[in-house]
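Architecture and fold: a report
What follows is the residue order along each chain.
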Amino acid sequence: MPTPAAVMKRRLRDLETRAAELRERMAVLQREADQVEEQVTRWRIGGEIFEEVEQELRQGRAEDRSDSVDGAAHGPAAADVGDAAASSPGTGGAESASRYVPQ
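None of these values were measured; they are calculated from a predicted model.

Moving on, we come to the overall build of the protein. Scanning the protein from terminus to terminus reveals 2 helices and 0 strands. Counting only residues that meet the buried cut, the protein has 7% of its 103 residues in that class. Carbon and sulfur atoms form 57% of the exposed surface of the protein, whose accessible area is close to 8900 Å².

If you want it as structure tokens, here you go:
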């Protein structure tokens with residue numbers, strides 16, 4: 001029959017081993033969390049850039065429309081590109097269009 005001291009030493013060893021295993025798992029999970037956070041940051045930045053570009057394109061289309069109303073259009077090609085994007089099937093108009101067609 002084991003002595004109380006031997007039982008306590010064994011339990012202590014088991015707990016220390018378990019603690020070391022958990023610390024190792026924590027380190028692995030921390031590395032994974034860091035990688036995911038990096039991806040989240042990249043996607044947030046990408047979304048912000050997308051929003052900026054989309055806003056810039058909308059402002060450009062609005063300026064093109066106001067210029068063409070004033071008679072100072074940038075030429076027929078610029079107006080045609082805006083009209084083509086606004087009248088693309090399934091887009092629901094220029095304001096809801098999320099697809100851009102290259103010139």
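From this point, things continue past the structure.
What follows concerns the pattern of salt bridges. Applying the stated criterion across every chain, the model contains 2 salt bridges. In this structure, Glu21 engages Arg18 in a salt bridge whose closest nitrogen and oxygen atoms are separated by 4.0 Å. Taken as a pair, Glu21 and Arg18 lie in helix α1 (residues 4-70) at a separation of 3 residues, close to a single helical turn. A salt bridge links Arg58 to Glu54, with the nearest nitrogen and oxygen atoms 3.5 Å apart. Taken together, the residues Arg58 and Glu54, both in helix α1 and 4 residues apart, mark about one turn of the helix. The class for Arg58 is partly exposed, based on a relative accessible area of 36%.

Attention now moves to a nonpolar patch on the surface. A grouping of Ile45, Ile49, Val53 and Leu57 is seen on the molecular surface, where their side chains present a nonpolar patch of about 320 Å² in accessible area. Here Ile49 shows up in helix α1. Residue classification places Ile49 among the partly exposed positions, given a relative accessible area of 45%.

On average, residues of the protein score 80 in pLDDT, and 66% of them reach the 70 mark or higher. Low pLDDT (under 50) marks residues 81-94, which in the prediction has 12 contacts with non-local residues, meaning those over four places away or in another chain.

This part is about a positive patch on the surface. The grouping of Lys9, Arg10, Arg11 and Arg13 at the surface amounts to a positive patch. Within the fold, Arg11 resides in helix α1.

Thresholds applied
- Residues numbered from 1 in each chain as written.
- Predicted model: local features only at pLDDT ≥ 70, side-chain atom pairs only at ≥ 80, totals over all residues.
- Heavy atoms only, no water.
- Helix = DSSP H or I, 4+ residues; strand = E, 2+ residues; numbered from the N terminus.
- Buried < 20%, exposed > 50% of the residue type's maximum accessible area, 1.4 Å probe, protein only.
- Areas by Shrake-Rupley, 256 points an atom, 1.4 Å probe, with all protein chains shown as cover.
- Salt bridge = Lys/Arg side-chain N within 4 Å of Asp/Glu carboxyl O.
- Patch = residues over 30% accessible without salt bridge, like charges linked within 9 Å, V, L, I, M, F, W, Y side chains within 5 Å.
- pLDDT = per-residue confidence, 0-100.
- Contact = heavy atoms within 4.5 Å.
- Lys, Arg positive; Asp, Glu negative; His and termini not counted.
- Charge placed at Lys NZ, Arg CZ, Asp CG, Glu CD.

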